[in-house]
Amino acid sequence: MDVVTPRTLDEALCLKAELPQARFLQGGTDVLVELNFDRSRPPALVNLNEVAELRGWSRENGALLLGAGLTYAEAMRGALADEMPALAEASRTVGSPQIRNRGTIGGNLGTASPAGDALPPLLAEGAVVLVASVRGERRIPLDAFLVGVKRNVLEPDEIIVSVRVEPSRAPQTFMKVGPRNAMVISVCSLALHADLARGELRAAFGSAAPTVRLVSAPLDARESFPDLVAGAASPIDDVRGTAAYRRHALRVLAGRALERCLA
Amino acid sequence: MKIALTVNGECRETEAWGGESLLYVLRERLGLLGSKNACEQGECGSCSVLLDGVLVCACLVLGAQADGHVVTTVEGLADGDRLHRVQEAYVQAGAVQCGFCTPGLVVATVDLLESNPSPSDDEIREALSGNLCRCTGYAKIFDAVHRAAMS
Ligand SMILES: Cc1cc2nc3c(=O)[nH]c(=O)nc-3n(C[C@H](O)[C@H](O)[C@H](O)COP(=O)(O)OP(=O)(O)OC[C@H]3O[C@@H](n4cnc5c(N)ncnc54)[C@H](O)[C@@H]3O)c2cc1C
Ligand code: FES
Ligand code: FES
């Protein structure tokens, strides 16, 4: 297996155009598990760790650009945590310190698991995914980017560059159900944003449908909102929980999140 | 492929296969057997090392990603025969039974005390949540961390 390490975004795009079957590697917290257990054996890996353009986050005309290489540890602290509190809360629930130091939001989008914890808070904030290839750039709203269980719309030559969000600064929270606090894949999860400015409640939930899903309603629909959220789910029975439990848990989480945000 | 990294202050060069983890490189290529291999999926923390000063699971870093970078393993903590104060505290507190988890826990504890010199029990629980121990029941590990913080 070849490993190539581009130093710039342009170089990364050229390499991926030449080697469309190659796999990008950022934090490696998903890819290395697959390699270690021989679940995938791509012909080549493109190591993105040295591409400075993918790191950190920046401001752009009131919006935030979160680099694909932004780690959970970075999303948990400083000014970014103040601007995106639900994303910071979600980041705190990911894995362990070791995982949060390496795992990235770009990797979470690349894996596109319905249990991806960065996804609900980003979806509730109307995030747009910026992708690029040697052919040019695309801006894809997150709900259109995620198309199924571990499936997104990336073409083989495309890279995720960043995620653009216009922070609502709405009262918001993230909650996750799992058997313990550390190191759990969510049984279900929920980000709630009570957008007083727009008069809107927005909830995005994970692990209860093939993709993370968004539900919105007017602010005065507070009473019926937990039922609306539970009704929008299409969960399955699996080792982590039953469909009925997930639907129930989402209803409870939505109620609690409303209390927290509208106290 | 060839990779070159600084391990415990020493420049090391080695051949590696592309798909190898940093843990494999450390253990099998460089003979540093301190970092343990148990789950190879980020769950147990027994392979914890510092990569450019950041706590990571060596089993989830590709060896090639460490090329040109700086790694500290448990072997790099002691000063000759003098144990690091965290290692000393683990011994004194009786926080070591079979010892399999110990290198990872010691490295994670060093990392914790670097940023938080006197952590509370909750902070310790959070910082060490990525490290599993099958033997001690963790009580002695808390003692060891507090002991190291006070030493
Ligand atoms: C012990 C453990 C616990 C975990 N706990 C959680 C958890 O609680 N919640 C959670 O959501 N996840 C969890 N994960 C999964 C994982 O940490 C996350 O999905 C993380 O966000 C992956 O990021 P990464 O940078 O490590 O991705 P990588 O493994 O580097 O890549 C993941 C995928 O994204 C692709 N990719 C990466 N970067 C790009 C890019 N710029 N453009 C296009 N494609 C790209 C890769 O090709 C690959 O397909 C856990 C993993 C482990 C091992
Ligand atoms: S061997 Fe790396 S975390 Fe278990
Ligand atoms: S002492 Fe045996 S696993 Fe911790």
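A quick note: this is a predicted structure, and the numbers were derived from the prediction, not measured.

A. The domain arrangement of chain B, seen in detail. All names here are of chain B. Here chain B is partitioned into domain 1 (2-75) and domain 2 (85-150). Between the C-alpha centres of domain 1 and domain 2 there is a distance of 21 Å. With 15 residues of domain 1 in contact, the opposing surface of domain 2 contributes 11 residues. Regarding the contact of domain 1 and domain 2, the summed buried area is about 1000 Å², with carbon and sulfur atoms giving 66% of it. Among the residues of domain 1 in contact with domain 2, Lys36, Leu55 and Val74 are the three that bury the most area, contributing 41% of the side total.

B. Structural detail: the interface of chain B and chain A. The interface is formed by 29 residues belonging to chain B together with 26 residues belonging to chain A. Carbon and sulfur atoms supply 56% of the area buried between chain B and chain A, which totals about 2200 Å² over both sides. For the interface between chain B and chain A, the tally reads one salt bridge. Among the ionic pairs, Glu126(B) bridges to Arg100(A), the shortest N-O distance being 2.6 Å.

C. Quick peek at unusual backbone geometry. One non-glycine residue with positive phi stands out, namely Arg169(A), at about 55°. Given a relative accessible area of 54%, Arg169(A) falls into the exposed group. Here the phi dihedral of Tyr138(B) falls at roughly 75°; this positive angle occurs in a residue that is not glycine. Take Tyr138(B): it is sitting in the loop between helix 4 (121-127) and helix 5 (139-150).

D. Here's a closer look at the sheet that holds strand 1 (residues 2-7) of chain B. All names here are of chain B. A sheet is described by the order of its strands in space; here five strands give the open sequence 2-1-5-3-4, paired in mixed fashion. Across the chains shown, the open sheet's two edge strands, defined by having one partner strand only, are strand 2 (10-15) and strand 4 (54-57). Within the sheet, the average angular offset between the axes of one strand and its neighbour, ignoring direction, is 40°. Looking at chain direction, strand 1 and strand 2 are connected through six bridges and run antiparallel. Along strand 2, the bridge assignment pairs Leu5 with Arg12. Lying on the sheet, helix 3 (residues 102-115) is in contact with strand 3 (48-51) and strand 4; it crosses strand 3 at an angle near 40°.

What counts and how
Residues numbered from 1 in each chain as written. Chains lettered and ligands numbered in written order. Predicted model: local features only at pLDDT ≥ 70, side-chain atom pairs only at ≥ 80, totals over all residues. Heavy atoms only, no water. Domains from an automatic or database assignment. Contact = heavy atoms within 4.5 Å. Buried area = accessible area lost by both parts, 1.4 Å probe. Salt bridge = Lys/Arg side-chain N within 4 Å of Asp/Glu carboxyl O. Buried < 20%, exposed > 50% of the residue type's maximum accessible area, 1.4 Å probe, protein only. Helix = DSSP H or I, 4+ residues; strand = E, 2+ residues; numbered from the N terminus. Pairing = 2+ DSSP bridges. Axes fitted to C-alpha atoms, helices over the stretch in contact; angles between N-to-C directions.

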